[in-house]
Amino acid sequence: MLVNSGNLREALREELAAVKITDIHTHLFAPEFGDLCLWGVDELLTYHYLVAEFFRWTRMGYGEFFSLGKGAQADLTWEELFLNRSPMSEAQRGVLTALNALGLDVGARDLKAYRAFFDGLSREEFIDLVLELSGVECVVMTNDPFDLVERKVWESTTTIDSRFRGALRVDVLLNDFPHACRLMLEQGYEAEESLGPKSIGEVQRFLREWLERISGLYLAASLPAGFRAGDGSVRARLIEECILPVCEEANVPLALMIGAKRQVNPKLRLAGDSVGKGDIAAVEYLCARYPQNKFLVTMLSRENQHELAITARKFPNLLIFGCWWFLNNPSLVEEITRMRMETLGLAFIPQHSDARVVEQLIYKWKHAKEVVGKVLYDKYSDLLAANWTLTREELARDVQALFGGNFWRFIKK
Ligand SMILES: [Zn+2]
């Protein structure tokens, strides 16, 4: 069936509604991880994006707020951000999108009724419902081998829900190596801060064994805005001498999320991190020097987006992904997606959810689809205006590539 300017909008709407999404970066956990898997309206209302927005309005002390239970914290953010004024920010709007899609009466503003709805479901039932509503087929977790609670689950569980896949997060290794050494030693890996030949072997063994244990799809780290590669620092050496050899041997990408400025206001805890402009030279160096390695890269600063897209034109071993964290605003997602598509065609991953609470999948993907759909509509319209023919199957193929296919192709490459 041919798509034309008359039926393009409807065809796109249907394909976006039907597409099966692979969400390549989240902080969600399979149900086997118990309380690590966050869900429910109190978690939704105390998401760190909303906590930061709450403190724009309150005079309450940080300590006082954080000493309260989740429910009491949620009461406060609900009152301040949703009742005392209209919920205009993207994170605020997201709460409404999620509750509305779950069939709750958003107009009634009845937090008690929302809590009762969640109380009536088990974690497993709720995950099924949200994956169905959001169209997400596969959720990639963030798995921290240095986290004791998580480690215990991996050591005691043989199978996990197959809709959830592992990704090995190595932030502690790269951002606090002395601490990582102590934690590795507890697990029987004799790595020392001096990073001599024996330690390099032990760090590699640690990574290799963990990657295998979690069937990790990739290794990942979030890195500060000041991240430099190849500068001989411990961090750079760990990447070049430990991480990249293990990634190459297992044929898995290294995902780099560059541009976090940690704890600008520590009193805000998880909400206290900010953004800084990263150095694209670090990405260029790694992609050029290690052509046998694959890199998934996202950067946090809006100012880095154009040069990152250009860098992806230069290196087939670089796949750029997502509009991360502070970039996940519809206006910025649209700008960035448009620029990426004009620069790279369909060879990128437009979005990941970064969800920390299960039902955030609903709003993050609904909003992302609306924006990506808008860009696709304009781009297909341009092709049709040039008398290009487009079939429904081709349109479905392209949409599937953007929302999952490109990732899996890169993983298997
Ligand atoms: Zn994240």
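Keep in mind that what you see is a predicted model, and the values were worked out from it rather than measured.

Participant: Now, about the overall build of the chain: what can you tell me, with residues and values included?
Facilitator: Of regular secondary structure, the chain possesses 18 helices and eleven strands. Taking 413 residues into account, the globule formula puts the C-alpha radius of gyration at 22 Å, and the chain, at 22 Å, falls close to it. Along the three orthogonal principal directions, the C-alpha set of the chain runs to about 65 × 60 × 40 Å. Taking all 413 residues of the chain together, the buried fraction comes to 41%.

Participant: Kindly report on the sheet that holds strand β2 (residues 21–23), identifying the contributing residues and their values.
Facilitator: The strands making up a sheet associate through backbone hydrogen bonding, with each pair oriented either parallel or antiparallel. Read from one edge of the open sheet, three strands run β2-β3-β4, paired in parallel fashion. At either end of the open sheet lies a strand with only one pairing partner, and these are β2 and β4 (164–165). As paired strands, β2 and strand β3 (residues 136–140) are joined by three bridges and run parallel to one another. Looking at β3, one finds that Thr 22 is bridged to Cys 138.

Participant: Account for helix α1 (residues 8–18), with residues named and values stated.
Facilitator: When we look at burial in α1, the residues that qualify are Ala 11, Leu 12, Glu 15 and Leu 16. An end-on view of α1 places all buried positions within 125° of arc, on one side of the element. For α1, exposure combined with an orientation more than 90 degrees from the buried face picks out Glu 10, Ala 17 and Ala 18. Those residues of α1 that are buried lie in contact with β1 (2–3), α17 (360–385) and α18 (392–412).

Participant: For the environment of Ile 127, give the residues involved together with the corresponding values.
Facilitator: When you line up the elements, Ile 127 lands in helix α8 (residues 123–134). Once residues lying within four places of it in the same chain are set aside, the contact partners of Ile 127 are Pro 31 and Val 358.

Participant: Describe the pairing of strand β6 (residues 219–224), with residues and values.
Facilitator: Across the six residues of β6, five count as buried, placing the element largely inside the fold. Bridge count between strand β5 (residues 168–169) and β6: two bridges; the pairing is parallel. When the bridges of β6 are listed, Arg 169 appears paired with Ala 220. Pairing between β6 and strand β7 (residues 254–261): six bridges, direction parallel.

Participant: Please provide a residue-by-residue account of the packing of α1 against α18, values included.
Facilitator: Contact geometry for α1 and α18: axes closest at 10 Å, N-to-C directions at 45°. In terms of orientation, α1 lies oblique with respect to α18. Judged by the sense of rotation from one axis to the other, the crossing of α1 with α18 is right-handed. Contacts between α1 and α18 pair Ala 11, Leu 12, Glu 15 and Leu 16 from the former with Arg 392, Leu 395, Ala 396 and Val 399 from the latter. Among the residues making up the contact of α1 with α18, the classes are represented as six nonpolar, no polar and two charged.

The rules behind the values
Residues numbered from 1 in each chain as written. Predicted model: local features only at pLDDT ≥ 70, side-chain atom pairs only at ≥ 80, totals over all residues. Helix = DSSP H or I, 4+ residues; strand = E, 2+ residues; numbered from the N terminus. Rg over C-alpha atoms; globule rule 2.2 N^0.38 Å. Buried ≥ 20, exposed ≤ 12 C-beta atoms within 10 Å, placed from the backbone. Pairing = 2+ DSSP bridges. Arc of directions from axis to C-beta. Contact = placed C-beta atoms within 7 Å. Axes fitted to C-alpha atoms, helices over the stretch in contact; angles between N-to-C directions. Parallel < 35°, antiparallel > 145°, perpendicular 65-115°, else oblique. Left-handed = near helix turned anticlockwise from the far one by under 90°. Nonpolar A, V, L, I, M, F, W, Y, C, P; charged D, E, K, R; others polar.

Read these as geometric descriptors, not functional statements.
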